[in-house]
There are 2 protein chains.
Amino acid sequence: MNLIEGGVTAPKGFLAAAGAAGIKYEGRDDLALLVSKEPCESAGTFTSNVVKAAPVLWDRRIIREGNGPVRAVVVNSGIANACTGAEGMEICEKTAEAASEALGISPEEVLTASTGVIGMQIPVDKITAGIRALAPALKDTPEAGTAAAKAIMTTDTVRKEIAAKTVIGGKEVTIGAMTKGSGMIHPNMCTMLCFITTDAAISKEMLQKALSADVEETYNMISVDGDTSTNDTCVLLANGLAGNPVITAEGEDFDAFCEALRAVNTYLAKKMAGDGEGAEALFEMKVTGASAKAQAKTIARSVVSSSLVKTAIAGHDANWGRILCAMGYSGAEFDPEKVSLWFESAAGRVQIAKGGRAVSYSEEEATKILSEKEVTATADLGEGKESAAAWGCDLTYEYIRINADYRS
Amino acid sequence: MNLIEGGVTAPKGFLAAAGAAGIKYEGRDDLALLVSKEPCESAGTFTSNVVKAAPVLWDRRIIREGNGPVRAVVVNSGIANACTGAEGMEICEKTAEAASEALGISPEEVLTASTGVIGMQIPVDKITAGIRALAPALKDTPEAGTAAAKAIMTTDTVRKEIAAKTVIGGKEVTIGAMTKGSGMIHPNMCTMLCFITTDAAISKEMLQKALSADVEETYNMISVDGDTSTNDTCVLLANGLAGNPVITAEGEDFDAFCEALRAVNTYLAKKMAGDGEGAEALFEMKVTGASAKAQAKTIARSVVSSSLVKTAIAGHDANWGRILCAMGYSGAEFDPEKVSLWFESAAGRVQIAKGGRAVSYSEEEATKILSEKEVTATADLGEGKESAAAWGCDLTYEYIRINADYRS
């Protein structure tokens, strides 16, 4: 299995296009179209927020309640189509109908997704006109995938796409993906928006199984600001063009698929955390020596969600007491007096605490380690053999600037 | 019942003193001593954090496990005595012994509390020398109470003290209190540090009952940054000097006491939220029309804890979608399509949403309302008659500045 450059158009038979529909932003692409030449099996995970955006309700119905194929996804940035009532659902319908007409497929084969401001109605005519303009421009090139990955960005500063190749049943299988997410990121089901394509042949049941397990260890382990979005959506489409024997059960082939999926989603989850609004550093929290996996995950996630830890990272400050504090209020049990702690980055590794107390270390060395672009803290609980990692970012002035006047 | 100016020395028989012990800060008071002329019944609530500071363990043992009287409290700022292992507990012991010798009381009658940096040992000689210097300076004046309230501050910008007078069994009863808290505030039992004194005569059992119920509606309903401290402590001391018939059961007298206690703690909880690190505004979230009290509290608390809501308030931006979003991920169930929302302040009141969707309103008017020093959002769930309020603050550049280099 290898990670490779590329995105949603890397697997066989997927095409993409992007353009400027003028929904809210000016002078940039804000509409992306993703289409498979062949019908796809689909899997999806969605926000756990009680307030669910209209496209989340639309996609969930098609993927979770329906059994039919999926052929296309329409994504817009600028307006989230959340808190928009019945009119919001009508916008999803009209979007799917426009794609249906432009592509010659059924509206039930079209997924929709939106990201941006909540509580504002989308000018649907701009979406439908945009779809008609994009349909003839669909291409299976890397450039088309990249254009789509850019069009779905909001406050993201870098596009997020990756692909992986593996071999299943003697056939080369590719997985490609694009995500967006920078603010309102504390996924609880899946991340803000993530679209994964694959040419693997796999049953709908096994596809959902692979995705559901994977997001628990990837997108559900990142946090930018603790706010679980109304729009979180992660969709995985499989068109079967790789020609591998269809994966219908657990086993070697399923494991190979899951391994490649994990590599893709881990890469993108970290990319998303590191590109958190205003972030200057990716912060990884590893918990080792735990007696249970759930305990390790709860503690790791609590630490990357702490405003005080995040500001300490922004200040390159080895304020390890804040890490112990955030571990302590996580809700997981552990013995503080057994905890050892290290900071680590490209600049080195230093032990900070042992048995819940500070050891003698150089603040200067710690500050140097914490001044890198990617920083890891490891807490060993001294209890057992389980471990987990979570990813977040530092909290900077820039986060405030971005969010204090996001709508204006 | 009236709120009056004053603090911990307002009730009969309580004395205070403060001084500069040079624990960590320079050029300011960092040690406070609070003493009752008569033995006190005591009640306390403490942090739910698994990592508990040494003074929390010390006080909890005396108040919750012991049955003896309490006579004195020693509080220092600068270093929190958290994550300090066995040495931290020894510091509590030596502190209590020093107060015991200086005041002629038992070490078991001395509570201790600390606030400041975590993970650093307190130079205990400075504490013991400070206690010896302060003991002869103890006074029952308002100025002495104020000096104590100032000495326990860390990043607080204003001191927080208040008192209330009421009549119980024909006797005038006074309650006085001081609190500190600005960062690492997301109490889950009680606030950072709070010391309440009263001359009421009341049994230990009823004192704890009154305090435990009260903090659920006051200190447990505020949040500055979502970080539940290792040191949260709320202590209530009653010396009985008011001469009222001892309160030993529920009834009119107990209700009068609770009413005054609620007034004192609500005042201070709001004061603490409004003085959150870097805060420029107090943000109150009211939830009405709920079908259950717990539902209303969960939703209100989730909203004041949201980084995105807090930055919107900092930007005077009526970004109501973020409020709906934070309500939605609170964990409480409700129907988004029944929610109505208003913003309100000294500058007026405006309805923003009805039935989960925006109504037509003036952004200019909303911005004017959101530019005041105290801002309230009210969400009506349209379900029932229960309600709750929570208090937080806006999230500003200043919060980052304070916390990115707090230790230096």
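Refer to the structure presented above.
Residues numbered from 1 in each chain as written. Chains lettered and ligands numbered in written order. Predicted model: local features only at pLDDT ≥ 70, side-chain atom pairs only at ≥ 80, totals over all residues. Heavy atoms only, no water.

With that out of the way, let us pick up the packing of aromatic side chains. Per the stated rule, a full pass over the model turns up one aromatic pair over all chains. Note that Arg61(A) overlies the ring of Trp58(A), its terminal NZ or CZ placed 4.9 Å from the centroid. (Phe/Tyr/Trp six-rings, centres within 6.5 Å; stacked < 30°, edge-to-face > 60°. Lys NZ or Arg CZ within 6 Å of the ring centre and 35° of its normal.)

Formed by 132 residues in total, the largest nonpolar core has its most connected members in Phe257(A), Met285(A), Met327(A) and Phe195(B). Counting 131 residues, the second-largest nonpolar core is a separate cluster that includes Ile118(A), Ala164(B), Leu207(B) and Ala260(B). (Core = buried A, V, L, I, M, F, W, Y, C linked by side-chain atoms within 4.5 Å. Buried < 20%, exposed > 50% of the residue type's maximum accessible area, 1.4 Å probe, protein only.)

With 53 residues of chain B at the contact, the number on the chain A side is 53 residues. Here chain B packs against chain A, burying approximately 4,400 Å² in sum over the two surfaces, 58% of which is carbon and sulfur. One can count two salt bridges joining chain B with chain A. For Arg357(B), the salt bridge identified is with Glu87(A), shortest N-O distance 2.9 Å. Inspection of the chain B/chain A interface yields eight residue pairs in polar contact (both at pLDDT 80 or more). Among the elements of the structure, α2 (85–103), α8 (307–314), α9 (320–328), β13 (357–358) and α11 (397–404) of chain B are those that each provide at least two residues to the side of chain B that touches chain A. (Contact = heavy atoms within 4.5 Å. Buried area = accessible area lost by both parts, 1.4 Å probe. Salt bridge = Lys/Arg side-chain N within 4 Å of Asp/Glu carboxyl O. Polar contact = N/O pair within 3.5 Å; in protein donor to acceptor, adjacent residues only side chain to side chain. Helix = DSSP H or I, 4+ residues; strand = E, 2+ residues; numbered from the N terminus.)

With that settled, the discussion passes to unusual backbone geometry. Residue and element names in this part refer to chain B. The phi angle at Asn81 is positive, at roughly 50°, despite the residue not being glycine. Relative to the helices and strands, Asn81 resides in the loop between β4 (70–79) and α2. Residue classification places Asn81 among the buried residues on the basis of a relative accessible area of 1%. Non-glycine residue His316 carries a positive phi angle of around 55°.

A separate point is the pattern of salt bridges. Using the criterion set out here, one finds 28 salt bridges over all chains in the structure. Note that Lys165(A) and Glu172(A) form a salt bridge whose closest N and O atoms lie 3.5 Å from each other. Overall, the relative accessible area of 26% leaves Lys165(A) in the partly exposed class. Residue classification places Glu172(A) among the partly exposed residues on the basis of a relative accessible area of 45%. Here Glu344(B) makes a salt bridge to Arg349(B), at a shortest N to O gap of 2.8 Å.

So, on to the state of the cysteines. In the structure shown here, the tally under the stated rule is zero disulfides over all chains. In this structure Cys83(A) is a free cysteine whose sulfur lies 7.9 Å from that of Cys325(B), the closest cysteine sulfur available. Judged by its relative accessible area of 10%, Cys83(A) falls in the buried class. (Disulfide = S-S within 2.5 Å.)

Here we take up helix α11 (residues 397–404) of chain A. Of all the positions in α11(A), only Tyr399(A), Ile400(A), Ile402(A), Asn403(A) and Ala404(A) are classed as buried. Tucked into the core, α11(A) has its buried residues touching α8, α9 and α11 of chain B.

When chain B is fitted to chain A, the residual RMSD is 0.1 Å, and the transformation amounts to a turn of 180° plus an axial shift of 0.0 Å. In symmetry terms, the pair is related by a two-fold rotation axis. Relative to the rotation axis, the C-alpha of Tyr397(B) is the closest in chain B, positioned 2.6 Å from it. (Least-squares fit on C-alpha atoms with pLDDT ≥ 70 in both.)

Time to look at the sheet that holds strand β12 (residues 348–354) of chain B. All names here are of chain B. One open sheet holds the six strands; their spatial order is β13-β12-β11-β14-β10-β15, and the pairing between them is mixed. Only two strands of the sheet have a single neighbouring strand rather than two, namely β13 and β15 (386–393). Bridge analysis of strand β10 (residues 282–290) against strand β14 (residues 374–380) gives seven bridges, and the strand direction is parallel. From the neighbouring strand, Met285 faces β14, where its bridge partner is Ala377. (Pairing = 2+ DSSP bridges.)

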